[in-house]
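Structural description and commentary
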Amino acid sequence: MSDTTIVNTSPLGQHLDRIAESQQVSYLVFNKKRIQLVAKITIGRETDNNIVIDSKLASRHHCVIQKIRDAYFLKDENSTNGTFLNGRRIPSDKYVRLNPGDKLTIGSSNLIMG
């Protein structure tokens, strides 16, 4: 008897595998509020940002979440104190893909991707 199943051998099974792999971020939780993601969201201390973080540890224009194709990516905007994703500081010159459950930290504020 073979160990393969319909899930990984048939066209339908392969399609289901692709769907399962492509879980996407669609919202973010901040201060117990669910915020729907759009094409581009700015985060920082200045009031012209989409999400305002009232903390001296946040730069005026701290970071950006941007949709590229069918996924969302995070980019630090050369902030003074850095942007952390799951406890690790991200480089300011690169986009980092976001996944459900990721924790974004700006100063002492946490945002959870969903």
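Conventions and cut-offs
- Residues numbered from 1 in each chain as written.
- Predicted model: local features only at pLDDT ≥ 70, side-chain atom pairs only at ≥ 80, totals over all residues.
- Heavy atoms only, no water.
- Helix = DSSP H or I, 4+ residues; strand = E, 2+ residues; numbered from the N terminus.
- Buried < 20%, exposed > 50% of the residue type's maximum accessible area, 1.4 Å probe, protein only.
- Contact = heavy atoms within 4.5 Å.
- Areas by Shrake-Rupley, 256 points an atom, 1.4 Å probe, with all protein chains shown as cover.
- Pairing = 2+ DSSP bridges.
- Salt bridge = Lys/Arg side-chain N within 4 Å of Asp/Glu carboxyl O.
- pLDDT = per-residue confidence, 0-100.
- Core = buried A, V, L, I, M, F, W, Y, C linked by side-chain atoms within 4.5 Å.

- In the annotation of an unreviewed UniProt entry, the chain is listed under the name FHA domain-containing protein and assigned to Treponema peruense.

1. Quick notes on the overall build of the chain
- Along its length, the chain carries 2 helices and 11 strands.
- When the elements of the chain are put in sequence order from the N terminus, they spell out α-α-β-β-β-β-β-β-β-β-β-β-β.
- Expressed as a percentage of its 114 residues, the buried residues of the chain come to 33%.
- In the chain, 32% of the contacts between residues at least 6 apart in sequence involve partners at least 24 apart.
- Within the structure as shown, the chain displays about 7600 Å² of accessible surface, and the carbon and sulfur contribution to it stands at 48%.

2. Points about the pairing of strand 6 (residues 71-76)
- By the criterion of burial, strand 6 is predominantly enclosed, with 5 of the 6 residues buried.
- Taken together, the 6 bridges between strand 5 (residues 63-68) and strand 6 define a ladder with antiparallel strand orientation. Note on strand 6: the bridge partner recorded for K67 is Y72.
- The hairpin turn running from strand 5 into strand 6, its antiparallel successor, is 2 residues long, and R69 in that turn takes a positive phi close to 60 degrees.
- As judged from the 2 bridges shared by strand 6 and strand 9 (residues 96-97), these two strands associate in the antiparallel manner. Among the inter-strand pairings, L74 is bridged to a residue of strand 9, identified as V96.

3. Quick notes on the pattern of salt bridges
- With the rule as written, the count across this model stands at 1 salt bridge.
- With a shortest N-O distance of 3.6 Å, E77 and K75 are connected by a salt bridge.
- A relative accessible area of 34% places E77 in the partly exposed class.

4. A word on the confidence of the model for the chain
- In this model, the chain carries a mean pLDDT of 86, and residues with pLDDT of at least 70 account for 80%.
- Within the model, pLDDT remains below 50 along residues 1-5, and this stretch shows 1 contact once partners closer than five positions in the same chain are excluded.

5. Quick notes on the nonpolar core
- Within the largest apolar cluster, 20 residues are counted, with the highest numbers of intra-cluster contacts made by L37, I43, I65, L74, L98 and L111.
- Once residues within four sequence positions are removed from consideration, I43 is found in contact with N49, I51, I53, H61, H62, C63, I65, L104, I106 and L111.

6. Considering the sheet that holds strand 3 (residues 40-44)
- Sheet architecture is open: 5 strands sit in the order 4-3-5-6-9, paired in mixed fashion. A strand with exactly one partner marks an edge of an open sheet, and here the two such strands are strand 4 (51-52) and strand 9.
- In this sheet, strand 5 lies alongside strand 3 in antiparallel orientation, the contact comprising 4 bridges. Of the residues in strand 5, the one forming a bridge with I41 is I65.

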